[in-house]
Amino acid sequence: MGVTIDGSGAIGRRIADLEISRAWLVDPIADREGPGEIVVHDGRLEAVTWLDAAEGAGVEPGGVIVVPGFIDLHVHLREPGFEDAETVASGLAAAAHGGFTTVCAMPNTEPAIDDAGIFGRVLAAAGSSGSPVELLVYGALTVGRRGESLAALGELSDAGAIGFSDDGAPIRSATILRNGLLYAGMLGRPVVDHAEDPALTEGAEANEGLVATVLGLKGWPVAAESGPVGRGLAILADVLRDEPRARLHFTHLSTAAALDLVRRAKAAGLPVSCDVTPHHLALTDEWIAGSRAWAWQSDADPWLGAARVAGPYDTSLRVNPPLRDRFDAAACLAALLDGTADAVVTDHAPHTRVDKAVEFGLAANGISGIETAIGVLLAAVDADRLPLRRAIAALTSGPAAILRAAGWPGARGLVEGAPADLVVIDRSETWLVEAASLRSKGKNSPLLGRELPGRVLLTVADGRLAYEA
Amino acid sequence: MTAASPDRAASAPVATAHQVPLVDAEPASQGTTWAHRHLLDLDRVTWPEIELVMRTTQAMKEVLGRPIARVPALRGSGVTILFYEASTRTRVSFEVAAKNLSADVVNIAAASSSVSKGESLIDTIRTVEALGARMIVIRHPTSGAADLAAEHFSGSILNGGDGWHAHPSQALLDLFTLRERVPGGDLHGRKIVILGDVLHSRVARSNIWSLTAAGADLWLCAPATLMRGFERWAAASAGVPGHGRFQVTSDIGAALRDADVIMALRLQRERMAAGLLPSLREYAARYGLTLERLALARPDALVMHPGPMNEGIEIAPEVADHPRSVITDQVTNGVAVRMALLYLLAGTGVAGAGGAAAGPTGAAEALGG
């Protein structure tokens, strides 16, 4: 295999000529995988050649792979308001390092993105960053994300909002959720719900279970997620009678109970979708006690007998929803395999050191995860828990379908004539996750110090250079 | 454990106490040394190490019996007692223990320090270290605070209670008291009941490790809302070799029947506001340790309480003052146990220094030197 690139260097520069020979192409958008070659000229995919068995002999999926650019439906770029933790520019650089060419920013900034003016400021920050990574932005569902009255949904939609969410906080009021679904549905946009019952999670610190009990942390019950998911589905079913375009998306589901509800709702034909995160499917609450085993490596032995290789209470593991036990983690993976989960999102949540260098119970929730997502998924692939094509689909065709339903024209896959939007990853290489290796300003990753499989060599977005190793 | 590098530990000044040769009081202690720089919980303390603490405590108790209960073991060592929660018993117990060992004791109550101005725990620990502390006894309302302090301190952290998580010195003084009072000093097969608000109790959690390690037949008893999650812990422990088993029940009759020891836990009034219990009256009626309930236990059963007590709620006054109550012994032994812990930790905070880390330990005679 070979990659030759002409005149690279500056981020944002149009790719004049790029040739990738004898690589393993995976294109879930075209539903195709195999050995192939790619030629990019002047930013466009000039040739995509799929090799037959004889021509492609020796090209393996464990070597260099070329895939469509990844799409992240859920990131926090912290601008405006929390630029110490991340800016649009640093967040887009981190996205490109992680292989993402499209990211969807949540509106829980300060001020919240609840009107077209703030919306425009965020888009302008992306434009001036020089990054070719496409930034899509959600509008807040309610004014100030306070859950009391609907935000300027129509104006936000006109400005380009891809959907509406109060993420970071649940939609407390069933009435607001109902009206939001109706109004957003009328606009052809989904409501993205962070499902959490705040009464059940008041003061909660870690998944309710053995680890929380032993470490003396206040339990975060499964029902705090499955309860609101059940409520949301009931409201959606109701709303559909009046507004058939209403669509509800549950983000970062973390429990078997909630995923089962979505599975059944999908089987019943409800227009519901959901996503899971790499950390909820690969990490468990056992990490808070000091384990560093992937979820699928935890065997039947209870945690009390398991190896504890790190200190307890690492605040980089504090996240909302919390890391669950290995059974829920396995359910997240299973949901990905059977299509219950439409996408993997990173819920990239950068925080400053100050916000994490505190007692576990006082630490900010969130994991800086956009640069480690593909590595975590490839670890699952390497462990034979996840087919490669499904892993890539969860980052490409899955989220693309949700965005297209909201009117987004992107993600055409590895097809000739389209602007080059692709990632080149060497699966035979690992890389060490370190604070210095992360482009994000948020170094709050529980994977620091760990080797992850699959090194991103090149990210091309919209025909332009987004990242080069 | 960034601050825990051996180099930094080794470069620390040597505590004078450990230049005094120690004579072993009991041959059985041969070979067991104290290897932990910090005492954060008992989950990773081995049974031989617990026995070493027990023997050292015995030696300290002999010191306490002297007309002048003061030895120079920690002379010149800075011990800072950093309490983020109101406490009389534990704070004073540590202070007396440290002073008995001739340590330079500094007391910091969170409300009267820059903590109330918003200084982070890590900054406070660094400040205390810069001011010369070699050991910090920390009490904090957040679980894991002692672990966090240990990560950022080059000396030794002694956990004086963190959130709901751990209170190792209390569990060790409970164990010492029991071994003094239970015939034969052996807890194997003895039915010990921890009764009350287990969910919010760091005392219960630490005692689970030590009492099961001692071979006791441990029972936890509470209304279901105050014991949530412990059923799973008990089930998990039952399946792991080397982990002590214990039982959980909300049936107080089953729990107390033929018990050898009953340890009542304090009930915080805010549990009612949180909707965990209907009323104090109902709790006292159903789970209070009364004379009537005490009669379910063995005739020689012992009564314990980590304090402070709500008499008339979790424990009836007549039970607290009963001849079989060892609550006062717990307080007395608390000083001896904390002297032992400070002494043992001082031997590890300075790599290569003599004392506990260097070999046989625990002679009252040597401590008198």
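What counts as what
- Every residue gets a number counted from 1 within its own chain, in the order that chain's sequence is written.
- To read the labels, note that chains go from A and ligands from 1, taken in the order they are written.
- In keeping with the model being predicted, local features are shown solely for residues with a pLDDT of at least 70 and side-chain atom pairs are shown and tallied solely at 80 or more, while totals for entire chains, interfaces and linings include all residues.
- Think of the side-chain values as coming from all heavy atoms in the structure, minus any hydrogens and water.
- Note on conventions: DSSP H or I runs of at least 4 residues are helices, E runs of at least 2 residues are strands, and numbering of each starts at the N terminus.
- The rule is simple: take the accessible area with a 1.4 Å probe, protein chains only, and divide by the maximum for that residue type; under 20% is buried, over 50% is exposed, in between is partly exposed.
- Contacts: residue pairs with any heavy atoms within 4.5 Å of one another.
- The method behind every accessible area is Shrake-Rupley, applied with a 1.4 Å probe, and residues are considered shielded solely by the protein chains displayed.
- The domain boundaries here were taken from an automatic or database domain assignment.
- Buried area is understood as the total, over both parts, of accessible area removed when two parts are fitted together, assessed with a 1.4 Å probe.
- The term salt bridge refers to a pairing of a side-chain nitrogen on Lys or Arg with a carboxyl oxygen on Asp or Glu at a separation within 4 Å.
- Pairs of N or O atoms within 3.5 Å make up the polar contacts considered here, provided that, within protein, one atom can donate a hydrogen while the other can accept it, and that residues adjacent in sequence are counted only when both atoms are side-chain atoms.
- Two strands are counted as paired when DSSP detects at least two bridges linking them.
- Here the axes come from fitting lines to C-alpha atoms, over the contacting stretch only for helices, and the angles between their N-to-C directions go from 0 to 180 degrees.
- A residue's pLDDT is simply how confident the predictor is in it, with values from 0 to 100.
- Aromatic contacts are taken between Phe, Tyr and Trp rings whose centres are within 6.5 Å, Trp giving its six-membered ring; a plane angle under 30 degrees counts as stacked, one over 60 as edge-to-face, and the others as tilted.
- In this scheme, Lys NZ or Arg CZ marks a charge over a ring once it lies within 6 Å of the ring centre and within 35 degrees of the ring normal.
- Seen with the strands pointing away from the viewer, any crossover whose path from the first strand over the helix to the second strand runs clockwise is right-handed.

## Here's the deal with the overall build of chain A
No. 1: Scanning chain A from terminus to terminus reveals 14 helices and 18 strands.
No. 2: Projected onto its principal axes, the C-alpha coordinates of chain A cover approximately 60 × 55 × 45 Å.
No. 3: In chain A, which comprises 469 residues, the share counted as buried stands at 61%.
No. 4: Within chain A, residue pairs in contact and separated by at least 24 positions form 73% of the contacts whose partners lie at least 6 positions apart.
No. 5: When the accessible surface of chain A is split by element, carbon and sulfur atoms take 50% of a total near 15500 Å².

## Brief notes about the domain arrangement of chain A
One frequent convention defines the size of an interface as the accessible area lost when the parts assemble.
Residues and elements named next belong to chain A.
No. 1: Along its sequence, chain A is organised into domain 1 (2–65 + 418–468) and domain 2 (69–405).
No. 2: Taking only C-alpha atoms, the centre of domain 1 and the centre of domain 2 are 26 Å apart.
No. 3: Contacts between the two partners involve 42 residues from domain 1 and, on the opposite side, 50 residues from domain 2.
No. 4: When the buried surface of domain 1 facing domain 2 is broken down by residue, Lys-441, Asn-444 and Pro-446 rank first, second and third, together holding 20% of it.
No. 5: In this structure, the connection of domain 1 to domain 2 is made through 3 salt bridges.
No. 6: Salt-bridge contacts for Glu-33 lead to Arg-389; the nearest nitrogen and oxygen are separated by 3.1 Å.
No. 7: Applying the counting rule to domain 1 against domain 2 returns 19 residue pairs in polar contact (both at pLDDT 80 or more).
No. 8: Residue assignment for the side of domain 1 that touches domain 2 shows that the elements contributing at least two residues are β2 (17–27), β3 (32–41), β16 (422–432), β17 (451–461) and β18 (464–468).
No. 9: It is β17 that contributes the most residues to the side of domain 1 that touches domain 2, 7 residues altogether.

## Things to note about the sheet that holds strand β15 (residues 343–344) of chain A
All names here are of chain A.
No. 1: Strand order across the open sheet formed by 5 strands is β9-β10-β13-β14-β15, with parallel pairing between neighbours. Taken across any chain shown, the strands that pair with only one partner, and hence form the sheet edges, are β9 (164–165) and β15.
No. 2: Pairing of strand β14 (residues 272–276) with β15, which is carried by 2 bridges, proceeds in the parallel orientation. When the sheet's bridge partners are listed, Val-276 is paired in β15 with Val-344.
No. 3: Against the sheet, helix α4 (residues 174–186) touches β9, β10 (191–193) and β13 (248–250), its axis set at about 145 degrees to β10.

## Points about the confidence of the model for chain B
Residue and element names in this part refer to chain B.
No. 1: Summarising the model, chain B shows a mean pLDDT of 86, and 83% of its residues fall at 70 or more.
No. 2: Overall, residues 1–29 carries pLDDT values under 50, and its contacts beyond four positions in sequence, including any with other chains, amount to 58 contacts.
No. 3: Scoring the predicted complex yields pTM 0.92 and, for the interface, ipTM 0.92.

## Regarding the domain arrangement of chain B
All names here are of chain B.
No. 1: The domain architecture assigned to chain B consists of domain 1 (2–167 + 331–367) and domain 2 (169–328).
No. 2: Each partner contributes to the interface: domain 1 provides 31 residues, whereas domain 2 provides 26 residues.
No. 3: Both faces combined, the contact of domain 1 with domain 2 buries some 2500 Å², and carbon together with sulfur accounts for 60% of it.
No. 4: In this structure, the connection of domain 1 to domain 2 is made through 3 salt bridges.

## A short note on the side chain of Ser-325 of chain B
All names here are of chain B.
No. 1: In this structure, Ser-325 sits in the loop between α13 (317–320) and α14 (327–349).
No. 2: In this structure Ser-325 comes out as buried when scored by relative accessible area, which is 12%.
No. 3: For Ser-325, the side chain forms a polar contact with the main-chain oxygen of Ala-320, separated by 2.8 Å.
No. 4: Apart from residues lying up to four places away in sequence, Ser-325 is in contact with Val-303, Val-319 and Ala-320.

## Considering helix α14 (residues 397–405) of chain A
No. 1: Regarding α14 of chain A, the residues found buried are Gly-398, Pro-399, Ala-400, Ile-402 and Leu-403 of chain A.
No. 2: A positive phi of about 100 degrees marks Gly-407 of chain A, the residue just after α14 of chain A.

## Focus: the packing of aromatic side chains
No. 1: Per the stated rule, a full pass over the model turns up 8 aromatic pairs over all chains.
No. 2: Ring geometry for Trp-287 of chain A against Trp-294 of chain A: centres 6.1 Å apart, planes inclined by 40 degrees, an arrangement best described as tilted.
No. 3: Between Tyr-283 of chain B and Tyr-287 of chain B, the ring centres sit 5.9 Å apart and the planes meet at 25 degrees, which makes this aromatic pair stacked. Highlighted residues: Tyr-283 of chain B and Tyr-287 of chain B, both in helix α11 (residues 280–287), separated by 4 residues, approximately one helical turn.
No. 4: Taken together through their ring pairs, the aromatic side chains of Trp-209, Phe-230, Trp-233 and Phe-246 of chain B make up a single cluster.
No. 5: The ring of Trp-294 of chain A has Arg-450 of chain A lying over it, and the distance from NZ or CZ to the ring centre is 4.2 Å.
No. 6: Directly above the ring of Trp-219 of chain B sits Lys-191 of chain B, whose terminal nitrogen or CZ lies 4.1 Å from the centroid.

## Examining the side chain of Thr-142 of chain B
No. 1: Here Thr-142 of chain B is to be found in the loop between β3 (135–140) and α5 (145–151).
No. 2: Each residue touching Thr-142 of chain B, except ones within four places of it in the same chain, is listed here: Glu-205, Glu-359 and Gly-361 of chain A together with Asp-162 and Gly-163 of chain B.

## What about the pairing of strand β4 (residues 156–162) of chain B?
Residue and element names in this part refer to chain B.
No. 1: The element β4 is extensively covered by neighbouring structure, given that 7 of its 7 residues are classed as buried.
No. 2: As paired strands, β3 and β4 are joined by 5 bridges and run parallel to one another. Along β4, the bridge assignment pairs His-140 with Asp-162.
No. 3: In this view, the connection linking β3 to its parallel neighbour β4 by way of α5 has right-handed handedness.

## Focus on the interface of chain A and chain B
No. 1: Tallying the contact residues gives 25 residues for chain A and 26 residues for chain B.
No. 2: With both chains or domains summed, chain A and chain B bury close to 2100 Å², and 59% of this area falls on carbon and sulfur atoms.
No. 3: Considering only the side of chain A, the residues that lose the most area to chain B are Thr-213, Leu-304 and Glu-359 of chain A, jointly responsible for 27% of the buried surface there.
No. 4: Run the count over chain A and chain B and you get 2 salt bridges.

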